[in-house]
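Structure assessment
Take a look at the letters that make up each chain.
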Amino acid sequence: MEHTGQTSPTRRAMLGAGLGVAGSGLLAACSDSGSGDSGRPDRGGHSADQGAGPRGTAAPDRERGDTREGDHVGKHSRQLTFTARPSTVDLGGGRTFKTWTYDDELPGRVVRITAGDTLSLTLKNHLPESTTVHWHGLAIRNDMDGVPNVTQPPIEPGESFSYRYEVPHPGTYWFHPHQGVQVDRGTYAPLIVDDPREPLSYDREWIILLDDWIDGVGGSTPDDVFFQLSKGKKMVHDPGYGHHGGGGAHDGNRSGSGSGPGVAKPSGPVGAGAGGARPDDDPKNDGPSARRHPRGPRRVMTGAHSSLLGHAGDIAYPYYLINGRTPDFPTQFKAKPGDRIRLRIINAGGETAFRVALGGHRLTVTHTDGFPVRPYKTDALLMGMGERYDVLITAKDGVFPLTALAEGKHGSAMAVLRTGGGRPPGPRTRPSELFRNVLESSAKLRPDESVALPRRGKPDRLIKLKLTGGMEKYDWAFDNRPYDPDTMHRIEYGERVRLVVINVTDMWHPVHLHGHTFALADVLSHGARKDTAAVLPHHKLVLDFDADNPGAWMLHCHNIYHAESGMMTTVAYRDRRGRRGR
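Read on for a plain summary of the structure. What you are looking at is a predicted structure, and each value in this text was computed from that prediction instead of being measured.

**Brief notes about the pairing of strand E19 (residues 363-368)**
Among the 6 residues of E19, 6 are classified as buried, and the element is accordingly described as predominantly covered. The sheet contact formed by E19 and strand E20 (residues 371-378) spans 5 bridges and is antiparallel. For Thr364, the partnering residue across the bridge sits in E20 and is Lys377. Connecting E19 to the antiparallel partner E20 that follows it, the hairpin turn spans 2 residues, and Asp369 within it adopts a positive phi of roughly 50 degrees. Sheet topology note: the E19/strand E22 (residues 388-394) ladder contains 4 bridges and is antiparallel. When the sheet's bridge partners are listed, Thr368 is paired in E22 with Tyr389.

Okay, here's the thing in structure tokens:
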């Protein structure tokens, strides 16, 4: 039975930014008139902080958010303050760029907490525009989810907002803005939730954040890049466009990228991991008229083809990073031979899938998107934007590259595992593990019994959605309708919901659901628990989840530029007493 509750869409809205009255109506649709005071000024008024505001102007931080009276909180509480501000970052070797960060760090500092405890984090906004924080993958109460004008008002420049919630599940998560294309700047950080009954045994832990970097390079900003993309482009010859890669990693495609007329040359320093697909050189799309501000070169590219994904992307990123560093000046993780190391890998990129391998080692996958799976051995992982994997390795003696290929784009990121003497690997190192057994998706994984979604009969509700659009008009959407805050897929509390996401486009999409984990469903069993999963061109995803966390929840492509163009929608429901989740 299908209940989509669709209405005629309004014009495209940017991840909730500027929705105003419409967004407020969505909040009301999932709340009762007496439901708390989150998002309004605190009873205590604005905070005493009088530090520098956006672009050096003095502005008091007016604090909002906080826990409502009567809320249940965890046994212990951790209180933190982060400040989003303009910064200058060094990606290695004195290569500096202006961007936005949390507290001048790239990535932002690790937030660590134990499952069941309460996180209290106040974000101070010293940026020149509004922002929020989304807690990617956490099934927290709806008013803390960080979607502007959907779950909270945007945090305006000079204001602050206090996020406070009980952390429900252990695992590897991260947080980032949910405003415009800000996630493609430097405002992101890992969130590690420890299991108080951790079943894994290991000696060390390595947190790894992958990123594609464009902000500040040659004057580029993500907003400028989105403006270029939104103009669309004519489809030039591209062997990958319209074809999903059915083959494995042994098709002679050693770099994960195609060859032929559409493939381009590196656009930046090769040793720094520069991307390989060329900027689209259509003269009609060049020059100041192609951008709101002629601050940077054209970044729309052609020829990004992957044997695993098909058409891999549309942005020519100059750099690819691991933990904020380019591969010619990599971060190093030191350990001892024989150490058992847990790698927590997060793809924080805006538009790039990464193929990840550690030279000389096999990987044992233990978790995906925070939830445990039956151990699975592989040589390499393919990770879409927003996905996380935890793997275990036993360290060998020597110096080893951890390489993340920008799938289909020729570029790469690299870090180094050092357990002994020796010269570090070169920045263009391609360990053979990248081209052996590649875990292409989580569909091959099975959940640990402790987290498996219980089997039921037929789902209580079936929602079918089509991913539509293309590069020619850059009109990405669900069901040919760009995001409209008044279009909601209404469900009921307690239902088992089946989402069938059908990709009728010529590009792959990482699909992310807020506030829940779903199970990848097949005929015989439920698969791994996920919150982000990739769907290939002209394929479909079947996702089952339980409606146990009331509220208005976003479902969107985690290619941030696709989402911003309109490929997102809302799933909404109340609890049995007619209230949204708290």
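**Thoughts on the sheet that holds E20**
Overall, mixed pairing links the 6 strands, which are arranged E15-E10-E17-E22-E19-E20 in an open sheet. Two strands bound the open sheet, and with one partner strand each, they are strand E15 (319-322) and E20. Going from strand to strand, the sheet's axes swing by 25 degrees on average, the running direction of each strand aside.

**Considering unusual backbone geometry**
Going from Leu106 to Pro107, the amide bond is cis rather than trans, its omega being -10 degrees. Within the secondary structure layout, Pro107 lies in the loop between strand E3 (96-102) and strand E4 (111-114). The phi dihedral of Tyr474 falls on the positive side, at around 50 degrees, and the residue is not glycine. Along the polypeptide, Tyr474 turns up in the loop between strand E26 (461-468) and strand E27 (477-478).

**A word on the pattern of salt bridges**
Evaluated as defined, the whole model comprises 27 salt bridges. Note that Glu433 is salt-bridged to Arg436, the shortest N-O span being 3.8 Å. Take Glu433: its relative accessible area is 7%, and that puts it in the buried class. By relative accessible area, which is 40% here, Arg436 ends up partly exposed. Taken together, the shared-partner salt bridges connect Arg112, Asp194, Glu198, Glu205, Arg342, Arg344 and Asp390 into one network.

**Quick notes on empty space enclosed by the protein**
Tallied over the entire structure, the rule returns 1 cavity of 30 Å³ or more. There is about 90 Å³ of room inside the largest cavity. In this structure, the largest cavity is lined by 11 residues; those nearest its centre are Phe478, Arg481, Pro482, Thr487 and Thr569. Residues of the lining of the largest cavity, tallied by class, amount to 4 nonpolar, 4 polar and 3 charged.

About the criteria used
Residues numbered from 1 in each chain as written. Predicted model: local features only at pLDDT ≥ 70, side-chain atom pairs only at ≥ 80, totals over all residues. Heavy atoms only, no water. Buried < 20%, exposed > 50% of the residue type's maximum accessible area, 1.4 Å probe, protein only. Helix = DSSP H or I, 4+ residues; strand = E, 2+ residues; numbered from the N terminus. Pairing = 2+ DSSP bridges. Axes fitted to C-alpha atoms, helices over the stretch in contact; angles between N-to-C directions. Salt bridge = Lys/Arg side-chain N within 4 Å of Asp/Glu carboxyl O. 1 Å grid on protein atoms, 1.4 Å probe; cavity = no way out; pocket = protein on both sides within 12 Å on 5 of 7 lines; lining within 4 Å. Points joined across faces, edges and corners; volume = space filled by probe spheres on them. Nonpolar A, V, L, I, M, F, W, Y, C, P; charged D, E, K, R; others polar.

This is a description of form; function is not addressed.
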